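# Geometric and topological summary
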Amino acid sequence: MTVTRLTSSLGAELSGVDLADVARSDVLFAGLRALLLEHKVLFLRDQDISRADHVALARRFGSLEDHPVAPSDPDHPGLVRIYKSEDSAPEHYENSYHCDGSWRREPAMGAVLRCVQTPSVGGDTIWVNMAAAYEGLPDHVKERIAGLRARHSIEATFGARLPVAERHRLKERYPDAEHPVVRTHPETGEKILFVNAFTTHIVNYHTPVNVRYGADYAPGASLLLNYLIGRAAIPEYQVRWRWSADSFAIWDNRATQHYAVQDYWPAGRRMERAGIVGDQPF
């Protein structure tokens, strides 16, 4: 296996390895997992493997999760189909910097994503190293956000375009989750800035230390949150991947965010993702 780093921040392309073999080998998988912790997102091309092998590889990391909006392959539960065509309604969920499922109490650990069909131009995906984004914060900001917690919501994002009753049912099924603004990676111990497009507000900002007048809270807390969310857009923390058919990305959702660039309409783009159940951030 050859490992080629793509940026100084994150991302490595692997060659000389077949993911179907990794799905069946303890030794190969252990090596892949170690590389994932090191580089945070791994890329491979020309992986003509079966859907069963795709699912088997992802399940080595843990159980697979469904998605309340995107359907799964009927023969492979947990393999979510993200299919776009010229007839697809615009929804603008993927083209924001986000961490998959942060609206869950236990957001995804990671994902294994395959490109089935790519447009002739466009359709890249960007990943961001949110440990580097945290490390790059000024010390006074790190001190200010230590101990803060924030709310993440599917109702305010996927649910916003639904009729009121359906939106409320979605929230009943997936109540808003509360997570630390700075989480700790459970395996590497890294500190990670953990706010993104699903984050609605900071829940414990209104304290005597932060607030003297109501204006200190609103818009004070919102301005701070917007500043933190904006760190993901800094190119020095990013890697950008150009898809081709049967290329794969495997990423650590705990330490990264990603942005699927929707610059390819009216061409189609079809992706299949196996999302892996994670744990509660701390």
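Okay, so let's go over this structure. Here the structure is a predicted model, which is why all the values come from computation and not from measurement. Residue positions are given per chain, counting from 1 as you read along its sequence in written order. Confidence filtering applies because this is a predicted model: local features only for residues at pLDDT of at least 70, side-chain atom pairs given and counted only at 80 or more, and all residues used for totals across whole chains, interfaces and linings. Hydrogens and water molecules were not included; the side-chain quantities draw on all heavy atoms of the structure.

For every residue, the accessible area (1.4 Å probe, protein chains only) is compared with the maximum for its type, and the residue is labelled buried under 20%, exposed over 50%, or partly exposed between those bounds. By the criteria applied, helices consist of DSSP H or I runs no shorter than four residues and strands consist of E runs no shorter than two, each listed in order from the N terminus. Every buried residue of helix H8 (residues 220–229) is listed here: Gly220, Ala221, Leu224, Leu225 and Leu228. When H8 is viewed along its axis, its buried side chains cluster within an angular range of 130 degrees and face the same direction. Residues of H8 that are exposed and angled more than 90 degrees away from the buried face: Leu223 and Asn226. Against helix H5 (139–145), strand S11 (191–193), strand S12 (199–202) and helix H7 (214–217) lie the buried residues of H8. By arc we mean the arc of the directions from the helix axis to the C-beta atoms, nothing more. Throughout, a contact is declared for two residues whenever any of their heavy atoms are within 4.5 Å.

Now for the packing of aromatic side chains. When two rings of Phe, Tyr or Trp (its six-membered ring) have centres within 6.5 Å they constitute a pair, described as stacked for plane angles under 30 degrees, edge-to-face for angles over 60, and tilted for the intermediate range. The full count for this structure, using the stated rule, is 10 aromatic pairs. Aromatic rings pair up to connect Phe43, Trp127, Trp241, Trp243 and Trp251 into one cluster. By definition here, charges over rings are those cases where NZ of Lys or CZ of Arg is within 6 Å of the ring centre and within 35 degrees of the ring normal. Here the basic side chain of Arg45 rests over the ring of Trp241, its NZ or CZ set 4.0 Å away from the ring centre. Between Lys142 and the ring centre of Tyr134, over which it is positioned, the NZ or CZ distance is 5.1 Å.

When you line up the elements, His179 lands in strand S9 (residues 177–180). Polar contact criterion, stated in full: a pair of N or O atoms within 3.5 Å, where within protein one must be able to donate a hydrogen and the other to accept it, and residues adjacent in sequence count only if both atoms are side-chain atoms. For His179, the side chain forms a polar contact with the main-chain oxygen of Ser102, separated by 2.9 Å. In this structure His179 touches Ser102, Arg104, Arg105, Pro107, Arg149, Ala150, His152, Phe194 and Pro281, once residues within four positions along its chain are discounted.

Below, the discussion takes up helix H2 (residues 26–39). To estimate the expected span of a helix, count its residues, drop one, and scale the result by 1.5 Å. With 14 residues, H2 ought to run about 20 Å at 1.5 Å a step, and its terminal C-alpha atoms sit 20 Å apart, in line with that. Those residues of H2 lying buried are Phe29, Leu32, Leu35, Leu36 and His39. Down the axis, H2 shows its buried residues gathered within 125 degrees of arc, on one side only. Residues of H2 that are exposed and point over 90 degrees away from its buried face: Asp26, Val27 and Glu38. For H2, the N-terminal cap is Ser25; the gap from its side-chain oxygen to the backbone nitrogen of Val27 is 3.4 Å. Looking one or two places after H2, you find Lys40, whose phi comes out positive at around 75 degrees.

Spatially, 3 strands are ordered S13-S7-S15 in an open sheet, and the strand pairing comes out antiparallel. Every other strand in the sheet has two partners, leaving strand S13 (238–241) and strand S15 (256–260) as the edge strands with one partner each. Averaged over all adjacent pairs, the angle separating strand axes in this sheet is 20 degrees, with direction ignored. Pairing of strand S7 (residues 125–129) with S15 involves 5 bridges; the strand directions are antiparallel. Within the sheet, the bridge partner assigned to Asn129 lies in S15 and is Thr256. Two strands pair if DSSP finds at least two bridges between them. Every angle, taken between N-to-C directions, lies between 0 and 180 degrees, and every axis is a line fitted to C-alpha atoms, over only the stretch in contact when it is a helix.

Turning our eyes to something else, we now look at the packing of H2 against helix H3 (residues 51–61). At a minimum axis distance of 11 Å, the contact between H2 and H3 shows a crossing angle of 65 degrees. Between H2 and H3, the angle falls in the class roughly perpendicular. Classified by chirality, the crossing of H3 by H2 is right-handed. In contact with Asp26, Phe29, Leu32, Arg33 and Leu36 of H2, H3 contributes Leu57, Arg60 and Phe61. Broken down by class, the residue content of the contact of H2 with H3 amounts to 5 nonpolar, no polar and 3 charged. When describing relative orientation, an angle under 35 degrees is termed roughly parallel and one over 145 degrees roughly antiparallel, while 65 to 115 degrees is termed roughly perpendicular and anything else oblique. Left-handed describes a crossing whose near helix is turned anticlockwise from the far helix through less than a right angle; right-handed describes the clockwise counterpart. Put simply, Ala, Val, Leu, Ile, Met, Phe, Trp, Tyr, Cys and Pro go in the nonpolar bin, Asp, Glu, Lys and Arg in the charged bin, and everything else, Gly too, in the polar bin.

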